[in-house]
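Single-letter residue listing:
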Amino acid sequence: MATTMITTLDRSSRAAARGLSDISIRNLFIIPTILFLIVFNIFPLIYSLGYSFTDFRASTNAPANFVGLQNYRDLLNDPYVWSNFAITAKYVIISVAGQLLVGFGVAMLLNRDIPMKGLLTTLLLLPMMLSMAVVGLFWKLLYDPSFGIINYALGLGTFEWLADPKMALYAVALTDIWMWSPFVMLLSLAGLSAVPKHLYEAAAIDRAGPFYTFFRITLPLVAPILMIAVIFRTMEAFKTFDLAYILTSQPTAELISIRLYKMAFQEWQTGRSCAMAYIVLIMVLAITNIYVKYLNKVKER
Amino acid sequence: MRKIVTSVLAGVGLALACGTSVHAQEKSLTIFWAEWDPANYLQELGNEYEKETGVKITVETTPWADFQTKAFTEFNAHGDAYDLVVGDSQWLGAGSTGGHYVDLTDFFNKHKLNDVMAPATVKYYAEYPGNSGKYWAIPLEGDAVGWSYRKDWFEDPKEKEAFKAKYGYDLDVPKDFKALRDIAEFFYRPDQKKYGIAIYTDNSYDAMAMGFENALFSYGGELGDYSTYQVDGHINSDKAVAALDAYKELYKFTPPGWAKSFFVEDNQAITENLAAMSMNYFAFFPSLINESSNPNAKNTGFFANPPGPNGDQFAALGGQGISIVSYSQKQDEAMKFLEWFIKDETQKKWAALGGYTCSAAVLKSPEFQSATPYNKAFYETMFKVKDFWAVPEYAELLQQLNQRIYPYMIGGQGTAKETLDALAADWNATFKKYGRVK
């Protein structure tokens, strides 16, 4: 069965001459990767599941005691953790919606014959290629109330983007939108250019208005690829750490990953942070699954 | 077969090569510290040691933000990358009970370091648990929170006159917390881009705690009872509540966006003409008297944390002791370095290089006190300092303090009493969890 899945070996090749079969070559390539995955991903995953039921602390010599579901119970009863989840949800919604809007909008603008389109697209992609930490540090300067260029350009005086508890999360989301809209734009552009031109011609002959054309032709055909962008961005936004960690220390902008980091590497509550990581993992899996189901539905249409 | 033989030979060769390189490096020590000026001074002191003994000293550093994380990651992995570590005073509990630090009690008693070093430094940088007579570190860099201020703003006759007219007493270095507040209010002029005061507010490590402690201790409050771990009635006492209100009051007069500020921002407040007074560790003052890093160097003065309303005067302790990492392969060599380090001549050299010595004799000497504009304030402060909890779970206590105090200070949520009552409950629960209270 497996042999039919892959291209068969050229009989005259050196590998064939050495007596290597297709399967052994396939194994040669795959087994190291699988081993790597098992050692560095699967094993720690299972190991940490074990720790999540103990009061283990990596910073002491004290042996780990089995505490059952205590960690999970404590975490799910902790109002701070719930507020972290609520903040994260708010952040994901704002930042992904913003990226979708801006990214898709820019893609629509670029999806026509304009001079220097290639250069323009490349320049627009730059933010996405920067390191998260660098973007965080730069935007911290841009947002600065005393000398930041944003307040200067918008004439906002000393408006406190990051020091205002209500504004901080939006400021982080805005930076994330700036950074990752190009990603959505890129995927949308690929989707848009794949829409057959004759559909638009047919619509024009039928005198369909621009809104009708957009909602009945463009959007449905781009939807699957847009959904992929949403899945990627949701997962990433859920895990956001560096950007938010560098930009602000407001408790109103403390995402779940920051809380997790503090618990694991500042407080060294290893057992509890393993439990927290599992809660986050389950949530991300659940959300992604809903998306994937929806994506399949969109594709079927 | 030939292939196997070749690879085995290559492997043996490689192992030998590694072996010899380890052998060649035997006469070297690696000290881990945070990335700041004192670490450079320590490297210079290490160079002197190399000249005398031939043992190479390398001071490895990492930014403050991940100092704690990186050090403990190495400890927890039982790694021997560092032979000595200059650890924060709060780490003593985790370092000693976790088996990461070598017990230095015998060394301490042999050299009578109890008398050689300033008492507060022994108590907070070296001993754990408190009053146990067990020592885990040698006080290396003494540090505490002090204040810098703009002499030119304070001495301007027009300002002096206006101040006297408004508050009824002379504008001068603040005599107490009330004066500190008044002066901060007086210089708070957003329309001129001048602000009253710069304080610590960052809640990612211990900045907020240090800033609050400065008010708390001088108001006569306590974090709790360090021997019984009782916190209720201490951290939420009337004095503590008044101290928190006083510290929050100061936040009103800070420059805009002062919600994540620590030592970098607080020094900037002076160098960028933002604030009249700025709280900071003494360790960061050398750059304020250096004209290349502070254009206002000539006009910058320093004072110790002022007393509270009842005349109590204390300051929050920073600073570090040096410990031998128990996973180091070169503990004997490290011990020899410490023996050299505690000598009087070395301590004098250390102070001359810019390090804040903890040696009582050097601190008391007139040469030391007149060497810089802030040494006298440092000397005065080092004999009245108090510190945060040093138990292994200090990071959880710190996190709880940040979680409670930050929303009140910056977000204006709740009252000081509610905040500190909640903090007392959190701390009590944590101490219960670790079996320190019933």
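Starting from 1, residues in each chain are numbered consecutively following that chain's sequence as written. Numbering of ligands from 1 and lettering of chains from A proceed in the order in which they are written. Per-residue local features of the predicted model are confined to residues with pLDDT of at least 70, and side-chain atom pairs are confined, for both listing and counting, to 80 or more; whole-chain, interface and lining totals are unaffected and use all residues. Side-chain numbers here rest on the full set of heavy atoms in the structure, without hydrogens or water.

Some points on the overall build of chain A
Definition in use: Numbering of helices and strands starts at the N terminus; helices are DSSP runs of H or I of at least 4 residues and strands are runs of E of at least 2. Classification of residues uses two cut-offs on accessible area relative to the type maximum, computed with a 1.4 Å probe and protein chains only: under 20% is buried, over 50% is exposed, and between them is partly exposed. Any pair of residues with heavy atoms lying within 4.5 Å of one another is described as a contacting pair. Charged residues are defined narrowly, with Lys and Arg counted positive, Asp and Glu counted negative, and His plus the chain ends left uncounted. Every charge is mapped to an atom, namely NZ of Lys, CZ of Arg, CG of Asp or CD of Glu.
Helices and strands together make up the secondary structure of chain A, namely 14 helices and zero strands. Scanning chain A from its N terminus toward the C terminus, one meets helices and strands in the order α-α-α-α-α-α-α-α-α-α-α-α-α-α. Once the C-alpha set of chain A is aligned to its principal axes, its extents read approximately 75 × 75 × 35 Å. When each of the 301 residues of chain A is scored for burial, the buried share is 40%. For chain A, contacts bridging at least 24 residues in sequence account for 66% of all contacts bridging at least 6. Here chain A holds 23 positive side-chain charges and 17 negative ones, and the gap between their average locations is 6 Å.

A look at the overall build of chain B
We apply this condition: Using a 1.4 Å probe, the Shrake-Rupley method yields the accessible areas, and only the shown protein chains count as cover for residues.
The helix and strand tally for chain B stands at 20 helices and eleven strands. Taken over the C-alpha atoms alone, chain B extends approximately 95 × 55 × 50 Å along its principal axes. Within chain B, the proportion of its 438 residues that are buried is 58%. Residue pairs at least 24 apart in sequence account for 74% of intrachain contacts in chain B once pairs closer than 6 positions are excluded. Summing over all exposed atoms, chain B offers an accessible surface of approximately 17,400 Å²; the carbon and sulfur share of this is 53%. Charged side chains in chain B number 42 positive and 57 negative. The centres of these two groups are separated by 0 Å.

Describing the pattern of salt bridges
Residues and elements named next belong to chain B. Put simply, the test is: Salt bridge criterion: a side-chain nitrogen from Lys or Arg within 4 Å of a carboxyl oxygen from Asp or Glu.
Counted by the stated rule, this structure contains 29 salt bridges over all chains. Here Glu380 ties to Lys376 by a salt bridge, and the two come within 3.3 Å at their closest N and O atoms. Taken together, the residues Glu380 and Lys376, both in helix α18 (residues 375-382) and four residues apart, mark about one turn of the helix. A salt bridge links Glu393 to Arg436; the shortest N-O distance between them is 2.6 Å.

A look at empty space enclosed by the protein
Using the following cut-off: Put plainly, a pocket is an open set of points on a 1 Å grid over the protein atoms alone with protein on both sides within 12 Å along at least five of seven lines, a cavity is a set where a 1.4 Å probe fits but cannot get out, and a lining residue has an atom within 4 Å of a point. Grid points are joined across faces, edges and corners, and a volume is the space filled by probe spheres set on the points. Gly is put with the polar residues, along with every residue not named as nonpolar or charged; the nonpolar set is Ala, Val, Leu, Ile, Met, Phe, Trp, Tyr, Cys and Pro, and the charged set is Asp, Glu, Lys and Arg.
Inspection of every chain in the model, using the stated rule, returns three cavities of 30 Å³ or more. What the largest cavity holds in volume is close to 80 Å³. Taken together, A:Lys262, A:Gln266, A:Glu267, B:Gln68, B:Ser204, B:Tyr205, B:Tyr394, B:Ala395, B:Leu398, B:Gln399 and B:Asn402 form the lining of the largest cavity. Elements that contribute at least two residues to the lining of the largest cavity include exactly α13 (256-266) of chain A together with α19 (394-409) of chain B. In terms of residue count, α19(B) provides more of the lining of the largest cavity than any other element does, five residues in total. Among the residues forming the lining of the largest cavity, the class breakdown is four nonpolar, five polar and two charged.

Regarding helix α7 (residues 132-143) of chain A
All names here are of chain A. This is how the line gets drawn: How far a helix is expected to stretch is found by multiplying one less than its residue total by 1.5 Å. By the criterion applied in these results, polar contacts are pairs of N or O atoms within 3.5 Å in which, for protein atoms, one can donate a hydrogen and the other can accept it, and in which residues neighboring in sequence qualify only through two side-chain atoms.
With twelve residues, α7 extends 16 Å from end C-alpha to end C-alpha; this agrees with the ideal 16 Å at 1.5 Å per step. Contacts from the buried residues of α7 go to α6 (117-129), α8 (149-154), α9 (168-193) and α12 (242-247). Two to three positions downstream of the cap, the backbone nitrogen of Ala133 sits 3.2 Å from a side-chain oxygen, assigning the N-cap of α7 to Ser131.

Description of the domain arrangement of chain B
Residue and element names in this part refer to chain B. So the rule is basically this: How far each domain reaches was decided by an automatic or database domain assignment. Throughout, buried area stands for the accessible area (probe radius 1.4 Å) lost by two parts on being put together, summed over both.
Per the domain assignment, the segments of chain B are domain 1 (2-143 + 318-386) and domain 2 (145-316 + 393-433). Relative to domain 2, the C-alpha centre of domain 1 lies at a distance of 30 Å. For the domain 1 face of the interface with domain 2, the top three residues by lost area are Tyr374, Lys384 and Lys386, together amounting to 33%. At the surface where domain 1 touches domain 2, the tally comes to one salt bridge. The interface formed by domain 1 and domain 2 includes eleven residue pairs in polar contact (both at pLDDT 80 or more). Contributing elements (two or more residues each) for the side of domain 1 that touches domain 2: α2 (37-53), α18 and β11 (385-386). The element best represented in the side of domain 1 that touches domain 2 is α18, accounting for four residues. Of the residues belonging to the side of domain 1 that touches domain 2, the class tally is eleven nonpolar, five polar and six charged.

Some details on the interface of chain A and chain B
Contacts between the two partners involve 29 residues from chain A, matched on the other side by 36 residues from chain B. Taking both sides of the interface into account, the surface hidden between chain A and chain B amounts to around 2,600 Å²; carbon and sulfur atoms contribute 46%. Taken together, the connections running from chain A to chain B amount to one salt bridge. One salt bridge in this structure joins A:Arg57 and B:Glu396, with 2.8 Å as the shortest N-O distance. Our enumeration of links across chain A and chain B arrives at eleven residue pairs in polar contact (both at pLDDT 80 or more). For the side of chain A that touches chain B, the secondary-structure elements that each account for two or more residues are α12 and α13 of chain A. For the side of chain A that touches chain B, the leading source of residues is α13(A), giving five residues. Residues that form the side of chain A that touches chain B fall into these classes: eleven nonpolar, ten polar and eight charged.

Focus: the packing of α2(B) against helix α15 (residues 344-353) of chain B
In helix packing, the relevant descriptors are the interaxial angle and the interaxial distance, both defined with respect to the helix axes. All names here are of chain B. Which entries qualify depends on this criterion: Every angle, taken between N-to-C directions, lies between 0 and 180 degrees, and every axis is a line fitted to C-alpha atoms, over only the stretch in contact when it is a helix. Orientation labels follow simple angle bins: below 35 degrees gives roughly parallel, above 145 gives roughly antiparallel, 65 to 115 gives roughly perpendicular, and whatever is left gives oblique. The sense of a crossing depends on the near helix, which, turned anticlockwise from the far helix by less than a right angle, makes the crossing left-handed and, turned clockwise, makes it right-handed.
Two elements in contact, α2 and α15, have axes separated by 9 Å at closest approach and are oriented at 140°. For the element pair α2 / α15, the angle class is oblique. The hand of the α2/α15 crossing is right-handed. When α2 is examined against α15, the residues Pro38, Tyr41, Leu42, Glu44, Leu45, Glu48 and Glu52 are found in contact with a partner set consisting of Thr346, Lys349, Trp350 and Leu353.

Some details on the domain arrangement of chain A
Residue and element names in this part refer to chain A. Per the domain assignment, the segments making up chain A are domain 1 (2-51) and domain 2 (71-300). A separation of 35 Å is found between the C-alpha centroids of domain 1 and domain 2. Contact residues are listed per partner, giving five residues for domain 1 and six residues for domain 2. Summing the contributions of domain 1 and of domain 2, the shared interface buries around 410 Å²; its carbon and sulfur component is 67%. Linking domain 1 to domain 2 there are zero salt bridges. At the boundary of domain 1 with domain 2, the tally comes to one residue pair in polar contact (both at pLDDT 80 or more). Taken together, the residues of the side of domain 1 that touches domain 2 break down into four nonpolar, one polar and no charged.

Quick word on the UniProt feature "transmembrane region" (unreviewed entry) in chain A
Residues and elements named next belong to chain A. Under the convention used in this document: UniProt positions are given in the numbering used here, feature names are shortened, and annotations may be inferred rather than shown by experiment.
If you check UniProt for "transmembrane region" (unreviewed entry), the listed places come out as residues 28-47, 91-111, 118-139, 167-192, 213-232 and 275-292 in our numbering. For residues 28-47, helix accounts for 100% and strand for 0%, while the C-alpha atoms at its two ends are 28 Å apart. Secondary structure across residues 275-292 comprises 100% helix and 0% strand; the distance between its end C-alpha atoms is 26 Å.

Notes on the UniProt feature "domain: ABC transmembrane type-1" (unreviewed entry) in chain A
Per the UniProt record, "domain: ABC transmembrane type-1" (unreviewed entry) is found at residues 85-291 of chain A. With 78% helix and 0% strand, residues 85-291 of chain A has its two end C-alpha atoms placed 19 Å apart.

Some words on the sheet that holds strand β6 (residues 195-198) of chain B
Residue and element names in this part refer to chain B. Let me state the cut-off plainly: Pairing between two strands is assigned when DSSP locates at least 2 bridges connecting them.
The mixed open sheet is built from four strands, whose spatial order is β6-β7-β5-β8. Edge positions in the sheet fall to β6 and β8 (300-303), since each of these pairs with one other strand and no more. The average angle at which neighbouring strand axes cross in this sheet is 20°, direction not considered. Across five bridges, the pairing between strand β5 (residues 145-150) and strand β7 (residues 275-281) is antiparallel. The residue bridging Ser148 from the neighbouring strand is Ser278, located in β7. Strands in contact with helix α10 (residues 177-187) are β5, β6, β7 and β8; relative to β6, the strand with the most contacts, it is inclined by about 135°.

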